[in-house]
Amino acid sequence: MEFLRPARWDEALAAKAAHPTAVPLAGGTDVMVELNFDRRRPDHLLDLGRIPELHTWETGPETVRLGACVPYARIIERLPGELPGLALAARTVGSPQIRNRGSVGGNLGAASPAGDAHPALLAAGAEVEVASVRGSRLIPVEEFYTGVKRNALADDELIRAIHIRKATGPQAFSKVGTRNAMVIAVCAFAIALHPRTRTVRTGIGSAAPTPVRARAAEDFLNAALAEGGHWDGGRAVTPSIAGRFAELCAAACDPIDDVRGSTAYRRHAVSVMARRTLGWTWEAFREGGAITGGGAQCA
Amino acid sequence: MRVTFTVNGRRHQADEVWEGESLLYVLRERLGLPGSKNACEQGECGSCTVRLDGVPVCACLVAAGQAEGREVVTVEGLAEYARARSDGAAAGARSERAAGDGTPAQPPVQPPPLAPVQQAFIDAGAIQCGFCTPGLLVAADELLEREPDPSDADIREALSGNLCRCTGYEKILDAVRLAAARGAETRP
C-alpha cells in the first residue's frame, strides 16, 4: 500500500489520475473502519487532509460552496443560519469525535443510503462539484447517488465542494434511531420550505437503495398549497393535506428489512416524520419564517 | 513509511509504519503509549479518544500518515497539558492584575500531579474497570477547557461518544461536575 499525501488540489487530481483505484481519505470515519476490519486493502490511500481549500467554505448570494472536508462540527457551529437542515442533520452524526472528523464530502464519497447529510442536501437543493485533471463539473445531488454505496464519480474524479442553496424558509431534519448519539439511521427525513419559489422539497434517507426525494409528495403538496392560497394567507395546512403528503412520502420509499428495522416500520416511520416535519416547518413559516437549525428536534 | 509527530509535547518518530495503520496502533504498539485503549476500532466507543491539534478524535479512525507533523495529546500527557493550560491562564490573570490594580504577582500554586479532571474521577468514584477512563478523561478535559461551567446537557453531549459498561455514567457526570466546581473555586 502507498500513502499519497498531496499538499495541493492540483497534486491530488494528478495523483487520482495516475492511480484511479486510490481511495480518497478525509476524516477516516468510514475508510479507516474498512481498513481496521480487513474489509478493504487498496493499493493507494489518497489523504486529502492537507489541502486547505477543502476545509473552508464560501457564502455567496444564493449558495454556500462548502469544501468537501469541512467537518460536521464546523457546519453546526458556523452555518446553522444558511444551512439549517444540514446543520440539524450534522448534529445527529455519530458523536463529537466523529463530527470533528467526518464531512459532507465523505458522506457523498461513501454514498451510503443511511448517510445523514443526504436528505438535507436533497431538500435544500444542492450540486456536487467534482473535478479531475480533465476539468470540473457540477452534478445535481439527485443524480449523484447511483446505487447502494455507489455514486456518479468517474475513477479519476474527486469531490471538491458541495454547492448548497441557502435557506429562504424553515427547514427540518428528523431521524429514527435507538438513541440520540452514535446511531446509524433506521430512516431519516428532511424537508425544506422555499417560499420564494413557493415549493417544498424533501429528502428521504435509509429507506431506499439511494437517498431519494419524494417527488410525488412534493408535487401534491405544492399544488395543494398553491390552490389553497396557503403561501399568501399563512393558512394552516389541513390534516388531510398533511396526511396525504405523509402517505405519498411513504410511497416514495423502497426499503429493505435489516437488523435496524423492517420494511413496514421504515415506511411507517417516514410517513410520521413527513407529517411532523411538515407541521413544524409550516408553523415556523406562519410565525414569520423563523428558520430552524439551532436546536435539535426529535420526531 | 516513517511518521514523525509530536505526542504530549515530545517529538516522536515511528519507522516501518504500515500505510493503512491507525494512529492508535502507532501510539500503543510503536511508541509505548498504551493509555489510549483499543476496543471497537470503528469510532463507536471513544476509548481511544486523543486530541489531534487540540481536537478530540478517535485515534482508531486517524490514519498514521494523517498525523504527520501534527500534535497529539494522550491521557499520558493530560496532567502536563492541563498544568500548562492553567499556568498560561494564571500568567494571563497575573499580568491583568498587575496592569489593573498593581497587586504584586503571586507565585503559582503547585498543581497536583494529576490533571484536575483525573483527580475528580478518583474522588467521585467514576472509575470501575477503568478501560473507558482514558478516553473519557480526554473528552471531559476538552469540555472543561472549552466550557468551564458546563450544564448537564453539555456534559452528556460532550461525553456521548464515550461508552462505559460499568458505572451507569452517573459517577462520571458527578466527576465532571466536581472538576468544574473545583475549577470555579480556583479561578481568579
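All residue numbers refer to positions counted from 1 along the written sequence of the respective chain. Whichever chain is written first is A, and whichever ligand is written first is 1; the rest continue in order. Per-residue local features of the predicted model are confined to residues with pLDDT of at least 70, and side-chain atom pairs are confined, for both listing and counting, to 80 or more; whole-chain, interface and lining totals are unaffected and use all residues.

**Some points on the overall build of chain B**
- Strands here mean DSSP runs of E at least two residues long; helices mean DSSP runs of H or I at least four residues long; both are numbered from the N terminus. Looking only at helices and strands, one finds six helices and five strands in chain B.
- Mapped from its N terminus to its C terminus, chain B presents α and β elements in the order β-β-α-β-β-β-α-α-α-α-α.
- For the exposure call, what matters is how many other C-beta atoms sit within 10 Å of a residue's own: 20 or more marks it buried, 12 or fewer exposed, and in between partly exposed, using C-beta atoms placed from the backbone. A buried classification covers 44% of the 188 residues belonging to chain B.
- Two residues qualify as a contact pair if the distance between their C-beta atoms, derived from the backbone, is within 7 Å. Here the contacts in chain B between residues at least 6 apart in sequence split such that 62% fall between residues at least 24 apart.

**What to know about the interface of chain A and chain B**
- With 24 residues of chain A at the interface, the matching set in chain B holds 23 residues.
- When contributions to the side of chain A that touches chain B are tallied by element, the ones reaching two or more residues are strand 1 (2–4), helix 2 (31–36), strand 3 (44–47) and helix 5 (96–99) of chain A.
- Ranked by the residues each element gives to the side of chain A that touches chain B, the list is headed by helix 2 of chain A, at four residues.

**Remarks on the sheet that holds strand 12 (residues 187–194) of chain A**
All names here are of chain A.
- The strand order 11-12-13 describes an open sheet built from three strands, whose pairing is antiparallel. The strands lining the two open edges of the sheet, one partner per strand, are strand 11 (171–176) and strand 13 (199–205). Strand after strand, the sheet turns through a mean of 10° between neighbouring axes, direction not considered.
- Should DSSP find at least two bridges between two strands, the strands are regarded as paired. Where strand 12 meets strand 13, seven bridges bridge the pair, whose relative direction is antiparallel. Bridge pairing in strand 13 links Leu193 to Val200. Only the stretch in contact is used when a helix axis is fitted, and all axes are lines through C-alpha atoms; the angle between N-to-C directions ranges over 0 to 180 degrees.

**Concerning the UniProt feature "domain: FAD-binding PCMH-type" (unreviewed entry) in chain A**
- Following the UniProt record, the feature "domain: FAD-binding PCMH-type" (unreviewed entry) maps to residues 1–169 of chain A here.
- End C-alpha to end C-alpha, residues 1–169 of chain A measures 48 Å, and it is 32% helix and 26% strand. UniProt positions are given in the numbering used here, feature names are shortened, and annotations may be inferred rather than shown by experiment.

**Structural notes on the packing of helix 11 (residues 239–251) of chain A against helix 12 (residues 263–286) of chain A**
Residue and element names in this part refer to chain A.
- The N-to-C vectors of helix 11 and helix 12 enclose an angle of 140°; their axes lie 8 Å apart at closest approach. The angle between helix 11 and helix 12 falls in the class oblique. Every pair of crossing elements has a handedness; the one defined by helix 11 and helix 12 is right-handed. Judged by residue contacts, Ala242, Gly243, Phe245, Ala246, Glu247, Cys249 and Ala250 of helix 11 engage Arg267, Val270, Ser271, Ala274, Arg275, Leu278 and Gly279 from helix 12.
- Put simply, Ala, Val, Leu, Ile, Met, Phe, Trp, Tyr, Cys and Pro go in the nonpolar bin, Asp, Glu, Lys and Arg in the charged bin, and everything else, Gly too, in the polar bin. Here the contact of helix 11 with helix 12 is composed, by residue class, of eight nonpolar, three polar and three charged. Orientation labels follow simple angle bins: below 35 degrees gives roughly parallel, above 145 gives roughly antiparallel, 65 to 115 gives roughly perpendicular, and whatever is left gives oblique. When the near helix sits turned anticlockwise from the far one by under a right angle, the crossing is termed left-handed; a clockwise turn instead gives a right-handed crossing.

**Describing the domain arrangement of chain B**
Residue and element names in this part refer to chain B.
- An automatic or database domain assignment provides the domain bounds reported here. Here the domain parsing of chain B yields domain 1 (3–73) and domain 2 (77–186).
- The leading source of residues in the side of domain 1 that touches domain 2 is strand 3 (residues 49–52), at three residues.
- Among the residues forming the side of domain 1 that touches domain 2, the class breakdown is five nonpolar, seven polar and two charged.

**Quick notes on the pairing of strand 3 of chain A**
Residue and element names in this part refer to chain A.
- Sheet topology places strand 1 next to strand 3; three bridges connect them, and they run parallel. When the sheet's bridge partners are listed, Phe3 is paired in strand 3 with Leu45.
- Two elements, strand 2 (residues 23–25) and strand 3, share three bridges in a ladder whose sense is parallel. Bridging across to strand 3, Val23 finds its partner in Leu45.

**Points about the nonpolar core**
- Of all hydrophobic cores here, the largest spans 148 residues; its most connected members are A:Leu86, A:Leu121, A:Ala124, A:Cys249, A:Val270 and B:Ala59.
- Counting the residues that make up this core, at least three belong to each of domain 1 (3–73) and domain 2 (77–186) of chain B.
- A:Val270 has contacts with A:Cys187, A:Phe189, A:Ile204, A:Ala207, A:Cys249, A:Ala250 and A:Cys253, leaving out every residue within four places of it along the chain. To form a nonpolar core, buried Ala, Val, Leu, Ile, Met, Phe, Trp, Tyr and Cys residues must be joined through C-beta atoms within 7 Å.

**Focus: helix 1 (residues 23–30) of chain B**
- Where helix 1 of chain B is concerned, the buried positions are B:Leu23, B:Leu24, B:Tyr25, B:Val26 and B:Leu27.
- Trailing helix 1 of chain B by a residue or two, B:Gly32 shows a phi angle of about 65°, which is positive.

**Comments concerning the sheet that holds strand 6 (residues 126–132) of chain A**
Residues and elements named next belong to chain A.
- Pairing in this open sheet of five strands is antiparallel, and the strands run 4-5-10-6-7 from one edge to the other. Strand pairing shows two members of the sheet lacking a second neighbour, strand 4 (57–59) and strand 7 (135–140), which therefore form its edges. Pairs of neighbouring strands in the sheet enclose a mean axial angle of 20°, with direction left out of account.
- Two strands pair when backbone bridges link them, and strand 6 and strand 7 are joined in this way by six bridges, in the antiparallel orientation. In the sheet register, Val130 faces strand 7, and the bridge partner there is Arg137.
- Packing of helix 7 (residues 117–124) onto the sheet brings it into contact with strand 6 and strand 10 (158–165), and relative to strand 10 it is tilted by some 50°.

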